[in-house]
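Geometric and topological summary
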Amino acid sequence: CNSNLCSNDGYQVQNDRMATNSPATDSGGGIAQVTFRVRCETLGHGEAIFLSQADNPSGSRIPLFTTAKSYPWYTTRTPLSLPLPTTPNNKTYRYRYAINRAGIFHRWEEPSDGGGIEEFRAQQTINSSGNIAVHTVPLRLLHGGEIYTVNDVLGVTGGPPDIDHIKMRNNFSSVGSLARKNASAGSLYGLNSRNNSAVGMTDQGSKKKVGFAPQPPPTSHRSSEAGAIKQAVHLTSSDGLIVVSAFLPVHLTRSNDGEWSADWDYEALLSMQTHLRVTRVGTVKWRGWHGNVGGGKSDESGVPVDERHKVEAVLRPFNCVPVWVPTTLFGEMYNGFCKGVLWPILHNVASVYSTPQTGGNTEKPDPDKDIEPYDSQYAEYSMDDVAQGPIHGDGGREGELWAAFTAVNRHFTDVIIQCFNEGDLIWIHGFHLMILPSFLTRRISMAKIGIFLHTPFPSSEIFRTLWCREDLLRGMLNADQVGFHLFEYARHFLTCCRRLLGLNYGMFPDSSGGHNLAIDTNGRHVSVTSIHAGVEPPVLHQVLSHKSTCDRVASIRNQFRGKVIFAAIDRMESLKGIPLKLIALERFLQRCPEWAGKIVVVQVGISAFERGDDYTKTRNEIISMVTNINNRWPGTVQFQECAESEMRLQQRMALLRAADVVMVTTIRDGLNLIPLEFTIAHLDALTEQGRNDGRKRGLCILSEFSSCTRVMRGALHVNPWKISEIATAFYQALTMSEDERMRRISIASEFVTRVTTQRWALAVMLDLKGVQKNEDAGKYAGAGLGLGFRLLGMDSKFNSLDANSVARAYRSAKSRLILLDYGGTILANDNLDQLQRFQFVKKSRPPSVPTEGLISTLKELCSDHRNIVFVVSGKERH
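The paragraphs below set out a description of the structure included in this document. (Residues numbered from 1 in each chain as written. Predicted model: local features only at pLDDT ≥ 70, side-chain atom pairs only at ≥ 80, totals over all residues. Heavy atoms only, no water.)

Turning our eyes to something else, we now look at helix α12 (residues 537-544). For α12, the complete set of buried residues consists of Pro537, Leu540, Val543 and Leu544. The buried residues of α12 occupy an angular sector of 125 degrees when the element is viewed end-on, so they sit on one face. Of the exposed residues in α12, those oriented more than 90 degrees away from the buried face are Pro538 and Gln542. Contacts made by the buried residues of α12 are with α13 (547-559), α16 (649-658), α17 (674-681) and α20 (738-754). (Buried < 20%, exposed > 50% of the residue type's maximum accessible area, 1.4 Å probe, protein only. Helix = DSSP H or I, 4+ residues; strand = E, 2+ residues; numbered from the N terminus. Arc of directions from axis to C-beta. Contact = heavy atoms within 4.5 Å.)

Now the structure itself:
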């Protein structure tokens, strides 16, 4: 039994005794009642937390407790009574948190309990002062006869105290009277871990925020109506979660003797470990997964069919379920439709004069071959020549790509249905599966489904150029929650839904008593979430401390000894803006020739064969520009092209650690974690040792069109289209003062150390679980055919039909009108099954006809003189 989950009323007297021995011994100013609560996410199994007075560490300690609903918040069972001074002064109540293990004192709280940046800051404080920081509550902020809650984070002692002030009608003149009041009334507090505040209270009080000084009132004001209680949403180990992505976050390896093994892909966003019951669904990356078959250059066709059972067995301990899709079909979907059609649109590229995309090409283009703009090999994937036809406005190549896209989504649907258990949450990732919610909602309408896009979302003027725009939007709206990394992308999605589908959006109540941004569609509210993902510092620190990483860092530093290293890692496509970066470098060296030979730009280009001629043209342009720059300023640019498999997390972190500045000059980009990884790699620059290493490191130069720019506020933001801004950023990074550089690194560190991948996922999952969805399946109905299918939510006053009530009314009625639909009620509707409809149109099968039993039932109904029976049909007479 976890001691933190058990109550002990005997601590009430101990609380009063401890508070009475506080520094403020003068009780003439009255007594304030204070509840302490602390957020603890680093406690291990069997560990408990206690509050201890800093000025009397050997004295009694007060235990803090938690529950399944309030975790990770721990709170004192009853408030402490703090005597207040009669006159305002600078007296404080000083305290610390102690951690016991197996009932015995283990350690005091440490700065590492509050995150990496707090650890570095606290280390500087300890080194300079020699004292360990403690929590403080200025007693001048408290008033006699009133009750407060102090909110702490374990290990974080800096900054003003976070105090909630609750006014009470009754004043208490002594500790004893206050204790008697608590003994009779019990606890007045309910904990809500979702919004990090105590929100449950009696109808006697209202809550307000207390800052450092009572006047003027603080700008951040917390308020809640008296008596209003929110039902917090929590995720427990009993909650099931199905995470769906195009690729499973694992690496597969096959030995020469045919044995398979798997390992986590730790740089994948979805490889994080959690206490939930998680099942991951996706395809496996193996030879041929990209569809590069049938071209005469490769005989690989993915995992052999007769070895799939071995791969499934290897993935089973990882709770990963593979989706087996024919490699050619997957290549058509991934390279053809996703990369060739959706990718440019999602990144705001929709020019009819642009060079055609190479969409579904199943062969890797020759990098040394110059591609003609309208080569027949690539022209069939052009979005400029759209032939009108019966399939979504296009009967040509794009119709085939769309068919592949829908077919792969159906493959995913079948696997998800097999893995689904009642009550599970389904979390879909990526634009590759945008229509998957439509297929799932047909078969498991009561499941809570969320979809999160890791790419930008374009404005309505760009998105409306897609011929399948309505199907894609309805596919996303069949989910219960749609997530984006930035509100900018969410706003574009909302605008598209309003302008293209005529839907309204606004703030609607959720199941926890709050309000969420949502779209009102067919009686349902589809929640829209925007929160940027982070990285996992423990994983990155482990990679950075590995011997091979350290050796690689030393090798890079020695190779460019005495130079400031600017690093960039980009895919070789026009959207990444590599040529703009090189033009800016050339302009900077022209204006500041004194820096020639003192800097080096290490540009790593990831091969992007799926981009076809865009990759080839970008590659040729980069090589030409690098050659020109190095001819004029030898050794200035070190360009290296490599496959994605050759620049994994370990190689990437080594380069980022060795670099002094990282550059991202993308024209349009979604999730890009390289600046966050770079910041983690240089967190030690904030320490005294890091300040004295002689390197001007830790700065990021980011394009304002990258999503991470919104959260990396300490970076140098540039407009990549304005070459002079990038050139100026080179100069700023080289000449920036030490204080300014430390300030920028500190600001950038705040996000990467606090918003980790797990916290991002938790926030999105809490929103998904908190979506209001009626458990009664009768409250929902399906409408529409094919991808036009949508789930309709009935009004709150709607009552589903009760068969027993109908039967009773039927027996007692004197006259009855019975309307029967022919297709879909009396008979199966041939129009709903595309295969049957095709066979019927081609006259390869006879039409469906009523059975003898059905005819007999109809005759029996008509024989009753009280019945009037109509059979309604729009079909022709057979």
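Once you've had a look at it, read on.
Summarising the element assignment, Arg759 is placed in helix α21 (residues 757-769). Overall, the relative accessible area of 38% leaves Arg759 in the partly exposed class. Residues contacting Arg759, with those up to four places away along its chain left out, are Glu41 and Arg754. Among the polar contacts made by the side chain of Arg759, one reaches the main-chain carbonyl oxygen of Arg754 at a distance of 3.0 Å. (Polar contact = N/O pair within 3.5 Å; in protein donor to acceptor, adjacent residues only side chain to side chain.)

As a further point, take the nonpolar core. Nonpolar side chains in soluble globular proteins tend to end up buried together. Membership of the largest hydrophobic core comes to 67 residues, with the highest contact counts inside it found for Val244, Ile426, Phe457, Leu472, Phe484 and Phe493. If you tally residues by element for this core, the top one is helix α5 (residues 327-346), at 10 residues. By size, the runner-up hydrophobic cluster in this structure holds 59 residues, among which are Leu235, Val604, Cys642 and Val664. (Core = buried A, V, L, I, M, F, W, Y, C linked by side-chain atoms within 4.5 Å.)

Let's shift gears to the sheet that holds strand β25 (residues 564-571). Spatially, 6 strands are ordered β27-β26-β25-β28-β29-β30 in an open sheet, and the strand pairing comes out parallel. Two strands lie at the open edges of the sheet, namely β27 (637-642) and β30 (716-718), each paired on one side alone. Going across the sheet, the axis of each strand differs from the next one's by a mean of 15 degrees, ignoring polarity. Of the pairings in the sheet, the one linking β25 to strand β26 (residues 599-606) comprises 8 bridges and is parallel in character. Paired with Val564 across the two strands is Ile599, which belongs to β26. Here α17 sits on the sheet in contact with β25, β28 (661-664) and β29 (699-703), set at roughly 175 degrees to β29. (Pairing = 2+ DSSP bridges. Axes fitted to C-alpha atoms, helices over the stretch in contact; angles between N-to-C directions.)

For strand β19 (residues 425-429), the buried fraction is high: 5 of the 5 residues fall into the buried class. A two-sided burial pattern is seen for β19, the buried positions comprising Leu425, Trp427 and His429 on one face and Ile426 and Ile428 on the other. In terms of strand pairing, strand β14 (residues 240-247) meets β19 through 4 bridges, oriented parallel. When the sheet's bridge partners are listed, Leu241 is paired in β19 with Leu425. In this structure, β19 lies alongside strand β20 (residues 448-452), joined through 5 bridges in parallel fashion. When the bridges of β20 are listed, Trp427 appears paired with Gly450. Handedness of the β19-helix α8 (residues 436-443)-β20 crossover: right-handed. (Right-handed = clockwise from strand over helix to strand, strands pointing away.)

Most of the time, phi is negative for any residue but glycine, and the peptide bond is trans. Although it is not a glycine, Asn348 adopts a positive phi angle of roughly 65 degrees. Looking at the element boundaries, Asn348 is found in the loop between α5 and α6 (376-379). With relative accessibility at 31%, the residue Asn348 sits in the partly exposed group. Phi at Asn522 takes a positive value of approximately 55 degrees, unusual for a residue other than glycine. With respect to the element layout, Asn522 can be found in the loop between β23 (515-521) and β24 (524-530).

Along β24, 5 of the 7 residues are buried, which leaves the element largely enclosed by surrounding structure. Sheet analysis places β23 next to β24, joined by 4 bridges and oriented antiparallel. Residue Ile519 lies in a different strand from β24, and its bridge partner there is Val526. Where β23 hands over to β24, the hairpin turn is made up of 2 residues, of which Asn522 adopts a positive phi near 55 degrees.

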